[in-house]
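Spelled out from the first residue to the last, the chains are:
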Amino acid sequence: MTGTRYLNKEEFAGYLFILPNFLGFLVFTLVPVALSFILSFISWDMLSAPKFVGLFNFTNLLGFHKEAGSLVANDPLFWQCVGNTLYLMIIIPVEIMASLLLAVVMNQKIRFINMFRAIYFMPTITNGVAICLLWAWLYNYDFGLLNNLLVKLCHVLSVPAARIPWLTSVAWAKPSLMLMGLWIMIGGYNMILFMAALQGVPRELYEAAEIDGASGWHKFWNITWPMISPTTFFVAVMAVIGGFQGGFMQAYIMTGGGPDRSTTTLEYLIYNHLYSWQHVGYAASIAWFVFIVVFIITVVNWRFGGKLVQYSHY
Amino acid sequence: MLKNMKPNSVIKKTVSYTLLALGGITMILPFLWMLSTSLKSYSSVFIFNLTDIRWLPNPVYFKNYIDVWKVVPFARFYINSIFVVVCVTFGQVLTSSLAAYAFARLRFPGRDKLFFAYLATMMIPGSVTMIPVFALMRLFGWIDTYKALIIPAIFSAYGTFLLRQFFMTIPRDLEDAAKIDGCSLWGIFWSVILPLSKTALATLTIFISLGNWVSFMWPLLVTNSIEKRTLPVGLAYFQELYQYAQPDWGLLMAGSLITMVPVIIVFLFNQRFFVEGIKLTGMKG
């Protein structure tokens, strides 16, 4: 602005209205973003003085070195956690397809629709720790319902009784968490978004297709699927972004990140570095790694996603 | 499964209801098992074997629901959770509706740049800001206080964004009429904008309180003493008591169910707001 001028009434009011929210936003969001960026170049245990270490955190995190002639990661634990996080995300397409199928079924004139929707929505509104304890109990090796049903089944089929070490073996721990995730997610937010999208598809399209004698499958594939693709796309992107930042609570309650750290996700690793090991700067550098990954996904989708999605002409 | 859907609507309906019912049973059985376990004594939980999965507890053991309040200070966790949720929700709805009104309606220099900053931060993963805010809490000496549980949680760009989008859809005529009548900007905000935004405010209230009610990592980080724990963290602490032994699952399930009841009641009475809210946020996001 050139010269001095007094704020008019509206401008003054504008600043006043924003002030309380902005102060909080400044102290708890804007400044922390800058601080965490600075922290990622610092080594600090919250007790002694912070030490500037340049790019050390990042070279340790992402770098490799030669050891006995082969290339070894400087921080194998980090890469293991990247692997765990990606592995746990395999279930995302299944979750989305299951939610879509459920939405298609629910989108008809169904009696007791509110009751069904409430039942499927239950895990979403329930305190996550309670859900995790419930599933830890279901997955219990000796006394859990699932293993006891399995033993019963074996008995009926006259095969030797088998129990699955759901949460206690490296091979099963991740699939077990994914199965629980499917149960939680299927009737949650995504299903409701899909229902809204399905209601937005113009009836005339289906009527026209019916006159041409199209089958249910044809109608779904040629009308429903393209028409709801913006929602599918949105849901998928959000799930992937969420996937990179998730998995802490489940693992903390059910497996402690084990066995053999097989369920420690990046989020859990950040918690460990920050809280358990007091590596504040290192934790910040991992958080920034996640941020950059999420940022790239968002930008790529923004830039190129539109071509994959068919927006409505209505 | 969709392949089997013939134009014949009877078959279609049958398939739909069967699918819904099967899925519904899968959803509800774990909860029933939770209820069943919570009504069994410590010893009877472990009695069943391959020939005996007891769905109906016999005898029904209500004592878990009494004992659970004594084993861990559940009442305290409850009071903490309610206090924190009420403060955070009230603070956030108030500050973000004020800011949203300014962003939506008032003209002042820097408004759009500031709003862009709000938008841009919504993409940042929570852990990026959580780390320095945790350090700030230690610096302020707020660790293990209600302040750490409440104050950082009040300020979110999300609530401001959501309400701003909603306020934009309100027709300006009403405000203009109020202005002609000599209504102040505060008066317009308070007696025109807010009453017209009841649905959006209710939706935001539900989302904030639900999100905060189940919040886990942050309360885990900033509380140390048992007396300051919220329900989710308290429940986790409850489980940790059994680190080296087979937990008393009846007691644990009773405790878990107790934490679930209020939210389920709120949900059943406000299902419409949940559904509308998800559509609103999902579409605009």
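Here we summarise the structure given alongside this text. (Residues numbered from 1 in each chain as written. Chains lettered and ligands numbered in written order. Predicted model: local features only at pLDDT ≥ 70, side-chain atom pairs only at ≥ 80, totals over all residues. Heavy atoms only, no water.)

## Details of the overall build of chain A
Each helix and strand counted, chain A has 15 helices and four strands in total. For 314 residues, the compact-globule formula gives about 20 Å, and the C-alpha radius of gyration of chain A, at 25 Å, lies well above that figure. Out of the 314 residues in chain A, the part that is buried amounts to 51%. Contacts in chain A between residues at least 24 apart in sequence constitute 60% of all its contacts with a sequence separation of at least 6. For chain A, the accessible area works out to roughly 15,300 Å², and carbon and sulfur atoms hold 68% of it. (Helix = DSSP H or I, 4+ residues; strand = E, 2+ residues; numbered from the N terminus. Rg over C-alpha atoms; globule rule 2.2 N^0.38 Å. Buried < 20%, exposed > 50% of the residue type's maximum accessible area, 1.4 Å probe, protein only. Contact = heavy atoms within 4.5 Å. Areas by Shrake-Rupley, 256 points an atom, 1.4 Å probe, with all protein chains shown as cover.)

## Some words on helix α1 (residues 9-39) of chain A
A maximum bend of about 50° is found in α1(A) at L19(A), where proline P20(A) lies one to four positions downstream. Among the residues of α1(A), the N-terminal cap falls to N8(A), whose side-chain oxygen and the backbone nitrogen of E10(A) are separated by 3.0 Å. (Bend = angle between axes of the 7 residues up to and from the residue. Polar contact = N/O pair within 3.5 Å; in protein donor to acceptor, adjacent residues only side chain to side chain.)

## Notes on the pattern of salt bridges
Side chains that carry opposite charge are capable of pairing whenever their charged atoms lie near each other. Residue and element names in this part refer to chain B. Taken as a whole and assessed by the stated rule, the structure comprises five salt bridges over all chains. K63 serves as the salt-bridge partner of D67, at 3.1 Å between the closest nitrogen and oxygen. You can see D67 and its partner K63 sitting in helix α3 (residues 63-71), four residues apart, about one turn around the helix. On the basis of relative accessibility, which here comes to 44%, the residue K63 falls in the partly exposed class. As a salt-bridge pair, R105 and E175 come within 2.6 Å of each other at their nearest N and O atoms. With R105 in helix α4 (residues 74-105) and E175 in helix α9 (residues 173-180), this residue pair connects regions lying 70 residues apart in the sequence. A single network of salt bridges, built from pairs that share partners, joins K63, D67 and K70. (Salt bridge = Lys/Arg side-chain N within 4 Å of Asp/Glu carboxyl O.)

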